[in-house]
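Results of the structural survey
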Amino acid sequence: MSEIRFSYLTWDQVITLDQVLDGVIPIHGRGNFPTLEVKPKDIIRVVKDQLIQQGIIVKDTRLNGSTASYILASHNGISYKDLDVIFGVELPCDQEFQVVKDAVLGCLLDFLPKGVKKEKITPKTMKEAYVQKMVKVCNKHDRWSLISLSNNTGKNVELKFVNSLRRQFEFSVDSFQIILDPMLDFYSDKNAKLTQESCPTVVAESMYGDFQEAMTHLKYKLISTRKPEEIRGGGLLKYSNLLVRDFKPACETEIKTLERYMCSRFFIDFPDVGEQQKKIESYLRNHFIGEEKSKYDYLMTLRGVVNESTVCLMGHERRQTLNMITLMALKVLGEQNILPNTDNVTCFYQPAPYFAAEGGYPTYYLTSGPPPIFFQPYHPLHFHVPNGMV
């Protein structure tokens, strides 16, 4: 494997990694179940040990995605939400998937507060109480499972168990993985104190392929990827999120081509407008917790990309998608009691159906400046009716 993919963490980066791993993350229980106070280093170690005890081969453990990016460039204003941990494991058949699931749910019992009677709590109960979602993927190229533990503030603990995964990143800035095993070995010594002299050697890898190039993109907030058509959803939703967060394309001449690939793959994976809406709503829920005011900007940015770069849809399908995103943006404004700037508003005045049936009335457009916002309500029309006429 090429050395260009790897880099050692500096002392400052190891300190940041230690702070993340040693910080407490609450896992919120549903109903009357108590909140679990979990340190990442503890749950990663307990799950790893339990998997090995159950006969699962664990090759390594890694911190992935935005958390790894934060550790490598926290001084650059990079933030993270989910704690995304990858366990490199061997899952030759379905039985191993079940063993992994039972091991994780069993480990959660260890984090219940003292005084809770654990004897009658089943794995199914723990799943219903603390698991936000579970995913299992088995096909020719990918063999992995995901268990996401609930957090009401959006900082979910995501445990991914990967036998094989063809595509492990969307963009260069989220392509980093930090190998955690040296830190876990260090933590196993209860008397060890992290100093510059005792610091373990920690390695990070960029799945993008060129570590220094990816770090340059992260430092200067540049957007770059390869073959977005390989990404489920094309990376379209993530790309729009990066744009809203002031990332800029690394190559302006290439980005329009990449946008077309992103849009095409998104509409292949989500061909129905209802599926598209559910996917976008799910993305907003998971990535904009506490950022309600950014949702509108995100949706209008997404609309702009779809409008400019979609080449794979029929005209009416494209209009359906654009209208759906527009209505979602208007709903966001309504929830925030915010009225948009009327300089960028397009108004559609449409008569009620019983007037339209008698010949209809023209539609009036008031437009000024991109990008437009579209209102499509029915407005009552008032007519003077002479006495005696109904």
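Residues numbered from 1 in each chain as written. Predicted model: local features only at pLDDT ≥ 70, side-chain atom pairs only at ≥ 80, totals over all residues. Heavy atoms only, no water.

**Side note on helix α1 (residues 11-22)**
To keep it simple, the criterion reads: Think of it this way: any DSSP run of H or I at least four residues long counts as a helix, any run of E at least two long counts as a strand, and we number them from the N terminus. By this rule the span expected of a helix is its residue count minus one, scaled by 1.5 Å. The buried label applies to any residue whose accessible area, calculated with a 1.4 Å probe on protein chains only, is under 20% of its type's maximum; exposed applies above 50%, and partly exposed to all values in between.
The end-to-end C-alpha separation of α1 is 16 Å, in line with the 16 Å expected for 12 residues at 1.5 Å each. Among the residues making up α1, those that are buried are Gln13, Val14, Thr16, Leu17, Asp18, Val20 and Leu21.

**Some details on the sheet that holds strand β1 (residues 6-8)**
Our working definition: At least two DSSP bridges between two strands are needed for those strands to be called paired. Interaxial angle, 0 to 180 degrees, is taken between N-to-C directions of lines fitted to C-alpha atoms, where a helix line uses only the stretch in contact. Contact criterion: two residues are considered in contact whenever any of their non-hydrogen atoms come within 4.5 Å of each other.
Strands sit in the order β1-β10-β9-β4-β5-β8-β7-β6 across an open sheet of eight strands; the sheet is mixed. This sheet does not close on itself; its edge strands, each paired only once, are β1 and β6 (131-138). In this sheet, adjacent strand axes meet at a mean angle of 25° when their direction is disregarded. As defined by bridge partners, strand β4 (residues 58-64) adjoins strand β9 (residues 176-179) across three bridges and the pair is classed as antiparallel. Bridged to Arg62 within β9 is Ile179. Strand contacts of helix α2 (residues 40-53): β4, β5 (83-89), β7 (143-149) and β8 (157-164), with the helix running at about 20° to β5, the strand carrying the most contacts.

**Topic: the packing of α2 against helix α4 (residues 94-109)**
Rule in force here: Any angle between 65 and 115 degrees counts as roughly perpendicular, while under 35 counts as roughly parallel, over 145 as roughly antiparallel, and the rest as oblique. By convention, the crossing between two helices is left-handed when the near helix turns anticlockwise from the far helix through less than a right angle, and right-handed when the turn is clockwise. Ten residues, namely Ala, Val, Leu, Ile, Met, Phe, Trp, Tyr, Cys and Pro, are considered nonpolar, four, namely Asp, Glu, Lys and Arg, are considered charged, and the remaining ones, Gly among them, are considered polar.
Orientation of α2 relative to α4, taken along the N-to-C sense of each, is 135°, at an axis distance of 9 Å. Judged by the angle between their axes, α2 and α4 are oblique. Viewed along their axes, α2 and α4 form a crossing whose handedness is right-handed. Facing α2, whose interface residues are Ile43, Val46, Val47, Gln50 and Leu51, α4 presents Val100, Ala103, Val104, Cys107 and Leu108. Residues belonging to the contact of α2 with α4 are distributed by class as follows: nine nonpolar, one polar and no charged.

**Side note on unusual backbone geometry**
The phi angle of most residues is negative, glycine excepted, and most peptide bonds adopt the trans form. We note that Lys227 has phi near 45°; this positive angle belongs to a residue other than glycine. With respect to the helices and strands, Lys227 occurs in the loop between β11 (222-223) and α8 (236-244). Positive phi is not limited to glycine here, since Asp246 has a value of about 70°. One can find Asp246 in the loop between α8 and β12 (248-249). When its relative accessible area of 52% is taken as the criterion, Asp246 is described as exposed.

**Regarding the side chain of Lys160**
Note the cut-off: For this count, His and the chain ends are skipped, Lys and Arg are scored as positive, and Asp and Glu as negative. Basic side-chain nitrogens of Lys or Arg form a salt bridge, by our definition, when they fall within 4 Å of a carboxyl oxygen of Asp or Glu.
Of note, Lys160 is situated in strand β8. One buried charged side chain, Lys160, makes no salt bridge at all; its nearest oppositely charged neighbour is Asp84, positioned 5.1 Å away. Setting aside its immediate chain neighbours within four residues, Lys160 contacts Val85, Ile86, Phe87, Trp144, Ser145, Leu146 and Leu165.

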